[in-house]
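Structural overview
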Amino acid sequence: MIKKYIWYAFLAFLLLAVQINYILGQNLKFGFEINENKKSITIPFELNSNLIIVDVLFQGIIPLKYIVDTGVSNTVLIEKAYADILDIEPDRKITLVGAAGIKEVEAFIVNQTYLKVGGVTGHNIPLLILKEDYLNLKKNLGIKIHGILGYDFFKNFIVKIDYKNRVLKLYQPRKFNRPLYFYKEVEMKIENNKPYVIQEIKMAEEDTVRVLSKLMIDTGASHSLMLHANSSDYINLPEDNIRDVLGAGIAGDITGHSARIADINFGPYYLNQVVTSFPDVGAYDDIIKSTGRNGTIGGGILKRFNFFFDYENEKIHLRRNSIFKEDFDYDMSGMTVIARGEYFLEPYYEVEKVRKGTPAYEAGIRAKDKIIRLNGHSGKELSIGYINNMLRKREGKKIKLKIKRDDKTYNISFILEKFI
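From a predicted model like this one, the values you see are computed outputs, not experimental measurements.

**A look at the overall build of the chain**
Across its full length, the chain carries 8 helices and 29 strands. Residues counted as buried form 48% of the 420 residues belonging to the chain. For the chain, contacts bridging at least 24 residues in sequence account for 64% of all contacts bridging at least 6. Of the roughly 21300 Å² of accessible surface on the chain, 49% is carried by carbon and sulfur atoms.

**Comments concerning the packing of aromatic side chains**
Under the defined criterion, the tally for this structure stands at 18 aromatic pairs. Here tyrosine 171 and phenylalanine 308 contribute two aromatic rings whose centre-to-centre distance is 6.1 Å and whose plane-to-plane angle is 40°, an arrangement assigned as tilted. Of this pair, tyrosine 171 sits in strand S12 (residues 167-171) while phenylalanine 308 sits in strand S22 (residues 305-310), placing them 137 residues apart in sequence. The residues tyrosine 171 and phenylalanine 308 share a single accessibility class, namely buried. Summarising the aromatic geometry, the rings of phenylalanine 266 and phenylalanine 305 are spaced 5.5 Å apart at their centres and angled 65° between planes, so their arrangement reads as edge-to-face. Residue phenylalanine 266 is located in strand S19 (residues 252-266), and its partner phenylalanine 305 is located in strand S22; the two are separated by 39 residues in the primary sequence. Here the two residues phenylalanine 266 and phenylalanine 305 agree in accessibility, since each one is buried. Over the face of the ring belonging to phenylalanine 419 we find arginine 355, whose NZ or CZ atom lies 4.9 Å from the ring centre. The residue whose ring lies beneath arginine 366 is tyrosine 361, and the NZ or CZ to ring-centre distance is 3.8 Å.

**Things to note about the nonpolar core**
Counting 72 residues, the largest nonpolar core has Val54 and Phe153 as the members making the most contacts within it. Here the element with the most residues in this core is strand S20 (residues 269-279); it accounts for 5 residues. Not counting chain neighbours up to four residues away, the residues in contact with valine 54 comprise Ile43, Pro44, Phe45, Leu64, Lys65, Tyr66, Val68, Val117, Leu149 and Leu168. With 23 residues, the next largest nonpolar core counts Met335, Ile371, Leu391 and Ile412 among its residues.

**Comments concerning the pattern of salt bridges**
Applying the stated criterion across every chain yields a total of 19 salt bridges. The closest approach of N and O atoms between arginine 210 and glutamate 200, which form a salt bridge, is 3.0 Å. Here arginine 210 is found in the loop between strand S15 (194-202) and strand S16 (211-217), whereas its partner glutamate 200 is found in strand S15, with 10 residues between them in sequence. Take arginine 210: its relative accessible area is 28%, and that puts it in the partly exposed class. Here the residues in one salt-bridge network are Glu79, Asp133 and Lys144, joined through shared partners.

**So, the pairing of strand S11 (residues 158-162)**
Extensive coverage of S11 is indicated by the burial of 5 of its 5 residues. Residues Ile158, Lys160 and Asp162 point to one face of S11 and Val159 and Ile161 to the other, with burial holding for every one of them. Of the strand pairs in this sheet, S11 and S12 are connected by 5 bridges, and their pairing is antiparallel. Across the sheet, isoleucine 161 pairs through a bridge with leucine 168, a residue of S12. Taking the residues between adjacent antiparallel strands as the criterion, S11 and S12 are bridged by 4 residues, where arginine 166 takes a positive phi near 60°. Pairing geometry for S11 and S22, over 5 bridges, is antiparallel. Bridge assignment links isoleucine 158 to a residue of S22, and that residue is aspartate 310.

**As for helix H8 (residues 384-391)**
Here H8 has its buried residues at Ile384, Tyr386, Ile387, Met390 and Leu391. The arc that holds the buried residues of H8, viewed along the axis, is 165°, so those residues lie on one side.

**Structural notes on the pairing of strand S4 (residues 51-58)**
Most of S4 sits out of view: 6 of its 8 residues are buried. Judged from the 3 bridges that link them, strand S3 (residues 46-48) and S4 form a sheet pairing that is antiparallel. Note on S4: the bridge partner recorded for asparagine 48 is leucine 51. Taken together, the 6 bridges between S4 and strand S5 (residues 62-68) define a ladder with antiparallel strand orientation. Of the residues in S5, the one forming a bridge with valine 54 is tyrosine 66. In sequence, S4 turns back onto S5 through a hairpin of 3 residues, with glutamine 59 there showing a positive phi of about 60°.

**A few points about the sheet that holds S12**
With antiparallel pairing, 6 strands are arranged side by side in an open sheet as S2-S12-S11-S22-S23-S13. The open sheet is flanked by strand S2 (40-44) and strand S13 (184-187), the only strands paired with a single partner. Between one strand and the next, the sheet's axes are offset by a mean angle of 20°, whatever the strand orientation.

**Overview of the environment of glycine 150**
Turning to its location among the elements, glycine 150 is positioned in the loop between strand S10 (147-149) and helix H4 (151-154). Judged by relative accessible area, glycine 150 falls into the buried class, the value being 0%. Along the sequence, glycine 150 and isoleucine 67 sit 83 residues apart, while their C-alpha atoms lie 8.6 Å from each other. Leaving out residues up to four positions away in the same chain, glycine 150 has contacts with Asp69, Val72, Asn74 and Thr75.

Parameters and conventions
Residues numbered from 1 in each chain as written. Predicted model: local features only at pLDDT ≥ 70, side-chain atom pairs only at ≥ 80, totals over all residues. Heavy atoms only, no water. Helix = DSSP H or I, 4+ residues; strand = E, 2+ residues; numbered from the N terminus. Buried < 20%, exposed > 50% of the residue type's maximum accessible area, 1.4 Å probe, protein only. Contact = heavy atoms within 4.5 Å. Areas by Shrake-Rupley, 256 points an atom, 1.4 Å probe, with all protein chains shown as cover. Phe/Tyr/Trp six-rings, centres within 6.5 Å; stacked < 30°, edge-to-face > 60°. Lys NZ or Arg CZ within 6 Å of the ring centre and 35° of its normal. Core = buried A, V, L, I, M, F, W, Y, C linked by side-chain atoms within 4.5 Å. Salt bridge = Lys/Arg side-chain N within 4 Å of Asp/Glu carboxyl O. Pairing = 2+ DSSP bridges. Arc of directions from axis to C-beta. Axes fitted to C-alpha atoms, helices over the stretch in contact; angles between N-to-C directions.

Written out as structure tokens, the structure reads:
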């Protein structure tokens, strides 16, 4: 009889252990998964300056806006204040170094966070938290960006990016059986959690050769193409170029030049006269040495296609869309406009800088001028996107501005002029 009770006790212990393991298994999920084990899920996005922006519930509570970025390894919270609100304690503190290797900034690692993106849930996601908003993306986008979704968001799914209809569609790989008859396959290599392709570029029309280049696919970059002049003897800054601020990094602005190259292919497709960013030599030296990369393909090219990203099998399937043949545009005014916050309870926009000798400068526009009206649009009708589109519209177009400087207003007009 005693042996019988011992056997029953042993069985009860085993059942309890199974129940505990089941409960722990339920609570200790890791990574992003589609809710209710559905075959796929569709997530709408906003396209702003060629960037994919989605709504995220941070810790299932705070609604934030995140950029979907293939160019980063980590999921990122841009400002620590949101973690502080929920009393999230960092697991450790780290130091990040900017692209130029000069400025260092503070960040923190939290190993277990919870994110919801539409019908997708992220369990125990490792999170990189910046101490403060070093990127300050609001000035260039006109909206507050709170974070970045990187490799973790892509690795478990086949991800369709439909730029034309502005939706992401995430598929469970084991349930994906959609035929891709009209899509072209391109080999992709995942290195350090980032996707790379090998494609050909031709720097100038007179060149007789096309050179293979290793390029990172970067949905988190507004530019069309970035090339590193110090990564190859063949990649050189064209003579016809403009000194420019190319983008924002965690350690400040990335400076260099903008110019056009003859063409680049993406799979079987060729894109001509591509506006290309050339960072200052030295800015990416460490990255070039460690990865062998020659540059990045950004949103200005990517938005001309629809994609299926298959990280597991290291393949991209792409198909050109209706804007494929549109010209690559560039500012034709000579001024840079940024968002500055609230002005009489409405968004307002300010001239950050003006290049000498350009139409805007010659017309009298100066840094810190506030834009009140542009070609008949004012107040909530204005946005960074609208302003930038108008200043890139077409050579010879007349731009009419009403600006405020100190306490006076001025009406100013000029004609757009092509620089590169």
